Amino acid sequence: MFDEYEDLPEGLLDASVETLHEILPNPALIHLKGDIAEPLFISTLLHGNETTGFYAVQNLLREYQGLNLPRSISVFIGNVKAAEKGVRRLDQQVDYNRVWPGTPHHYLAEAHMMLKVTETMRERNVWASIDIHNNTGKNPHYACINKLETSFTSLACMFSETLVYFITPKGVQSAAFAELCPAVTLECGLSGDASGIDHALNYLKRVLTATELGQHALDSVNLYHTVARVNVPELYSFGFEDDATINLLPEIENYNFKELPVGTPLAKIEPESSAYLQAFGEDERELGREFFEYENNQITLKKAVMPAMLTMDTQVIRQDCLCYLMERVPADKFPK
Ligand SMILES: [Zn+2]
């Protein structure tokens, strides 16, 4: 389970992600009182090797040391055990961002924990929710939302002009909190990168001092909709060195947030292996044949799409996915 605190735990402002477990032995929900009672909820370290959110929150609280917070804050610090080891999750752990209310794995102990956190914040009249992440490929900083409503796009476009709307995977924090308040997931580029910490910190400061999530003009916003998650089937070896069954092309890392035409090559496959990529749609149906073409031992795009979170980190590809595929939402479909 998690521990709940009504004050800042001693030493938190000086801890590093690796030493955090000495102060917080378990996941922690920390409530700090501010002038406006309805709290801003911030969650960090749902993935133990994504440190930007923790350092942004730490810097924020340092700046407010001895001062009144303009609004109450509740901070959830998730996977402290994985953070100690610098990994997304320990082998025996579940993914802490797939077990929030809405998850198919609701029977798990971790799902009970996230349900309790969500219920606690519901009772406290949570005002807005921000979950902070990193990724491994070359991606711009962007914000994800799970509802196409103006309060959500307003909260999101205060962070970035690049927005992603998605409804799968299920069980993510922002989708659970979307039932309570405007909620976003921030993707802050590479973990621990100074520009990501600064960006997240400045964003948190702006949201913390905002009194309402008003109308932000969406004129310059690029809004994308996730249509599929791409996986390499477990039975195939893969890599970037031309020695596996599926040999991904190294240049794909530069394809994130680029609109790719039909025919764009993604991988070479071992002759006669009949290896393939899987693409799971929003209803978890396998749609690989809609997105990929197989010819001359090559995998190419059958549809014009835009990938996100493509990475060359083979462990991430195995533990999470190769990438997401997205389509642009036309301006006339934006929430009014
Ligand atoms: Zn993450």
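Undergrad: Sorry, what's going on with the pattern of salt bridges here?
TA: Any two side chains of opposite charge can pair, given that their charged atoms come close. What the rule picks out here adds up to 13 salt bridges. The salt bridge partner of Asp95 is Arg88, with a shortest N-O separation of 2.9 Å. A relative accessible area of 12% places Asp95 in the buried class. Note that Arg122 is salt-bridged to Glu119, the shortest N-O span being 3.3 Å.

Undergrad: How should I be thinking about the coordination of the zinc ion in this particular structure?
TA: When a metal holds four donors in a tetrahedron, each ideal angle between them is 109.5 degrees; when it holds six in an octahedron, the ideal angles are 90 or 180 degrees. Here the zinc ion is held by the protein donor atoms His47 (ND1), Glu50 (OE), Glu50 (OE) and His133 (ND1), which lie 2.0 to 2.6 Å from it. Summarised as a motif, the one-chain spacing of the donors to the zinc ion is H-x2-E-x82-H. You can see His47 sitting in the loop between β3 (34–44) and α2 (52–63) and its partner His133 sitting in strand β5 (residues 128–133), a full 86 residues away along the chain. With respect to class, His47 is no different from His133; both count as buried.

Undergrad: Help me understand the sheet that holds strand β14 (residues 292–295), please; the structure alone is not making it clear to me.
TA: The strands that make up a sheet are held in pairs by hydrogen bonds between backbone atoms, and each pair lies either parallel or antiparallel. With respect to topology, 5 strands assemble into an open sheet ordered β10-β11-β12-β15-β14, the strand pairing being mixed. Looking at which strands have only one partner, the edges of the open sheet turn out to be β10 (238–239) and β14. Relative to strand β11 (residues 246–248), β10 is paired through 2 bridges, and the arrangement is parallel. By the bridge assignment, Phe238 is partnered in β11 with Ile246.

Undergrad: Explain helix α5 (residues 150–157) to me, please; I cannot follow it from the model alone.
TA: Because each turn of an α-helix spans 3.6 residues, side chains separated by three or four positions end up pointing in the same direction. Most of α5 is tucked away, with 6 of its 8 residues classed as buried. Every buried residue of α5 is listed here: Phe152, Thr153, Ser154, Leu155, Ala156 and Cys157. Among the structural elements, β5, β6 (142–145), β7 (162–165), β8 (183–187) and α7 (194–209) are those in contact with the buried residues of α5.

Criteria and thresholds
Residues numbered from 1 in each chain as written. Predicted model: local features only at pLDDT ≥ 70, side-chain atom pairs only at ≥ 80, totals over all residues. Heavy atoms only, no water. Salt bridge = Lys/Arg side-chain N within 4 Å of Asp/Glu carboxyl O. Buried < 20%, exposed > 50% of the residue type's maximum accessible area, 1.4 Å probe, protein only. Donors = N, O, S within 2.8 Å, 3.2 Å for Na, K, Ca; no water. Helix = DSSP H or I, 4+ residues; strand = E, 2+ residues; numbered from the N terminus. Pairing = 2+ DSSP bridges. Contact = heavy atoms within 4.5 Å.

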